[in-house]
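Survey of secondary and tertiary structure
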Amino acid sequence: ENELRGKVVWVTGASSGIGEELAYQLSKIGALLAISARREDELFVKISNLSEKDILVLRLDLTDRSSHEAATNSVLKHFGKIDVLVNNGGRSQRSLFMDTNLDVYSAIMELNYLGTISLTKHVLNHMIQRKKGKIVTVSSVMGIMGAPLASGYCASKHALQGFFNSLRTELTDYPEISIINICPGPVQSKIIQNVFTENLAKSIENSGDQSHKMPTDRCVRLTLVSTANDLKEAWISDHPYLAVCYLWQYAPTWAWWLMNRMGKRRIQNFKSGVDADASYSRKKK
């Protein structure tokens, strides 16, 4: 609370899920908020302790890279500075590679990867001038491992991990600019309703039960703790997904074996209309 109170925080993808909850919790802390999403009509935050001058609602399409400089200038004009950028905007995927059109992969990379680094470029220019700031990117455990039904999403998150880990090494002359990667596991949010499928015109028919996933408010609380403490990378997940992250990091041969087994279950879940990430420990009735 003390670290983020009074700081200007710009959150993308703030219309639902993790982004919306970030806006709620940051407002309670007393941060000054810029909140953005492609669907401006869904940007609604129940704020009781912030005045109109302390919040900016700004429509932003991450795929429209030509608009990012003007959007950044709008935030700077309103607040005079940007202390924290939270790159949260993006979409997941639920489709098998052989069933999926290649233009879906292009759209995923354009949104999740290129859109994110484009906005970062404009905001970072301001932070370099001030010699301070935080770039927080909501990646995923899928940026650490691989999984079926999400090959394009995994690729975009691996790209973000590689980019920001490399960018961090370019900023050694600016020790007060932090690059923070947040890697959530499955979280209760609307991300499943908005996923890419095998073609751009199709939406998912059944998102399934989401109750087995980590509550969004807990994920966001841990994200803010990680941000306040300048953690370079934070894995925020329940087991067994967190355990698989450690296996993927330290015992990849075992991780590949386990993912082959878990992957079959994941695909079966998806094809039967159950959430793909349904608990692997849940006993059959």
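Keep in mind that this is a model prediction, so the values were computed, not measured. (Residues numbered from 1 in each chain as written. Predicted model: local features only at pLDDT ≥ 70, side-chain atom pairs only at ≥ 80, totals over all residues. Heavy atoms only, no water.)

1. Quick word on the pattern of salt bridges
Applied cut-off: Any Lys or Arg side-chain nitrogen located within 4 Å of an Asp or Glu carboxyl oxygen qualifies as a salt bridge. Under the scheme used here, helices are H or I runs from DSSP no shorter than 4 residues and strands are E runs no shorter than 2 residues, and both carry numbers assigned from the N terminus. Burial classification: accessible surface area is computed with a 1.4 Å probe over protein chains only, and a residue below 20% of its type maximum counts as buried, one above 50% as exposed, and the rest as partly exposed.
Evaluated as defined, the whole model comprises 10 salt bridges. When the shortest N-O distance is used, the salt bridge between D83 and R130 registers 3.1 Å. Taken as a pair, D83 in the loop between α2 (68-79) and β4 (84-87) and R130 in helix α3 (residues 102-130) lie far apart in primary sequence, 47 residues in all. Exposure remark for D83: the relative accessible area of 7% places this residue in the buried category. In the salt-bridge network here, residues are joined through shared partners; they are E3, K7, K134 and D230.

2. Points about unusual backbone geometry
When glycine is set aside, most residues are seen to have a negative phi, and most peptide bonds are trans. Following H239, the chain continues to P240 via a peptide bond in cis, the omega torsion being 10°. The residue P240 is located in the loop between β7 (233-236) and α6 (241-250) in this model. In the Ramachandran plot, D230 falls in the positive-phi region, its phi being about 55° despite a non-glycine side chain. Structurally, D230 can be placed in the loop between α5 (216-228) and β7.

3. Re the sheet that holds strand β1 (residues 8-11)
By definition, the strands of a sheet pair up through backbone hydrogen bonds, in either a parallel or an antiparallel sense. The condition is simple: Note on pairing: two strands pair once DSSP finds at least 2 bridges between them. Think of each axis as a best-fit line through the C-alpha atoms, taken over the contacting stretch in the case of a helix, with angles from 0 to 180 degrees between the N-to-C directions. We call two residues in contact whenever any of their non-hydrogen atoms come within 4.5 Å of each other.
Taken together, the 7 strands give an open sheet; going across it, the order is β3-β2-β1-β4-β5-β6-β7, and neighbouring strands pair in parallel fashion. Each having just a single partner strand, β3 (55-59) and β7 make up the two edges of the open sheet. Sheet twist, expressed as the mean angle between neighbouring strand axes with direction ignored, is 15°. With 4 bridges joining them, strand β6 (residues 177-184) and β7 adopt parallel strand pairing. Looking at β7, one finds that C183 is bridged to W235. Helix-sheet contacts for α2 involve β1, β2 (32-37) and β3, and the interaxial angle to β3 is about 165°.

4. Quick look at the packing of aromatic side chains
As a reminder, the rule being used: Think of it this way: a Phe, Tyr or Trp ring, Trp meaning its six-membered ring, pairs with another when their centres are within 6.5 Å, and the plane angle makes it stacked under 30 degrees, edge-to-face over 60, tilted otherwise. In this scheme, Lys NZ or Arg CZ marks a charge over a ring once it lies within 6 Å of the ring centre and within 35 degrees of the ring normal.
Counting across every chain of the model gives 6 aromatic pairs. Aromatic side chains F163 and F164 sit 4.9 Å apart centroid to centroid with 85° between the ring planes, which places their arrangement in the edge-to-face category. On the basis of relative accessibility, which here comes to 25%, the residue F163 falls in the partly exposed class. Note on F164: relative accessible area 0%, which makes it buried. A connected cluster of aromatic rings, assembled from ring pairs, spans Y113, F163 and F164. One residue, R91, lies across the ring of F196, its end atom 3.8 Å from the ring centre.

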